[in-house]
Amino acid sequence: MAEEQDKYVKIVFKFFSNILNESAVETLWATTINAENGLYKLDNIPFYAPVSCEDVVFATFDETEQKLVYKQTIEHSGNSTIQVIVLDKNVPINDLREVFNELGCESEKFNNDYFVIQIPAALKYEPIRQKLIELEENKIINYAEPDLSDNHWY
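Each value, and the rule that gives it
Along every chain, residues carry numbers that run from 1 in the direction the sequence is written. Local features are withheld for residues below a pLDDT of 70 in this predicted model, meaning they are given only at 70 or higher, and side-chain atom pairs are given and counted only at 80 or more; totals for whole chains, interfaces and linings count all residues. Heavy atoms throughout the structure, all of them, feed into the side-chain values; hydrogens and water do not. The salt bridge criterion pairs a side-chain nitrogen of Lys or Arg with a carboxyl oxygen of Asp or Glu, the two atoms within 4 Å. The numbering of helices and of strands both runs from the N terminus, where a helix is a DSSP run of H or I of at least 4 residues and a strand a run of E of at least 2. For every residue, the accessible area obtained with a 1.4 Å probe (protein chains only) is divided by the maximum for its type, and the residue is called buried under 20%, exposed over 50%, and partly exposed between those limits. By nonpolar core is meant a set of buried Ala, Val, Leu, Ile, Met, Phe, Trp, Tyr and Cys residues that side-chain atoms within 4.5 Å join together. Note on contacts: a residue pair qualifies if any of its non-hydrogen atoms lie within 4.5 Å across the two residues.

(A) Seen up close, the pattern of salt bridges. Under the counting rule described, the total for this entry stands at four salt bridges. Ionic pairing is found between Lys-14 and Glu-65, a salt bridge with its closest N-O pair at 2.5 Å. In this pair, Lys-14 sits in strand 1 (residues 8-17) while Glu-65 sits in the loop between strand 4 (56-62) and strand 5 (67-75), placing the two residues 51 residues apart along the sequence. The exposure class assigned to Glu-65 is partly exposed, which follows from its relative accessible area of 30%. For Arg-129, the salt bridge is made with Glu-126, and the minimal N-O distance between the two is 4.0 Å. A residue pair is termed a helical-turn pair when its members lie 3 or 4 positions apart in one helix, as Arg-129 and Glu-126 do in helix 3 (residues 126-137) at three residues.

What follows is the structure in structure tokens.
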């Protein structure tokens, strides 16, 4: 079991966030594919980093940070990540998350005003996008598509 736990690592992502409108740092969990070659598979949905869960990334150990630091995405998983800001405080965030869960998407809640949705590679984006547009037009949410995979482009 100890060997299994050693396969999980944290990777630091440094990037400019359009949502936050500033430079940001986020740490994501990943499983080790090949530590010698710096290859890792992301294991959680990012809140801000422009990648998606299950992407394979290249990361190197940074002596200053004393951590693994993301360098580039090697292989896209085909999953997409959507960022959602809740504008209408009368609509519970978990109700909104459930709408997308019923459409086949997992999500992670950051706080009561912000969550991220993962769209699996095999899922059609159009019904999800239509729901996002409808909620945005009704001023319930704003959303962004920081990491839309090729199979989810419209």
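(B) Representation of the nonpolar core. Ile-11, Phe-13, Tyr-40 and Leu-42 are the most contacted members of the largest nonpolar core, which has 20 residues in total. Looking at this core, the elements that each hand over two or more residues are strand 1, strand 2 (22-34), strand 3 (39-42), strand 4 and strand 8 (114-119). Setting aside chain neighbours within four positions, we find Tyr-40 in contact with Val-9, Ile-11, Ala-30, Thr-31, Thr-32, Ile-33, Ala-35, Asp-55, Val-56, Val-57, Ala-59 and Leu-68. Counting 18 residues, the second largest nonpolar core, distinct from the first, contains Ile-93, Phe-100, Ile-119 and Leu-135.

Purely spatial values, then, with no claim about function.
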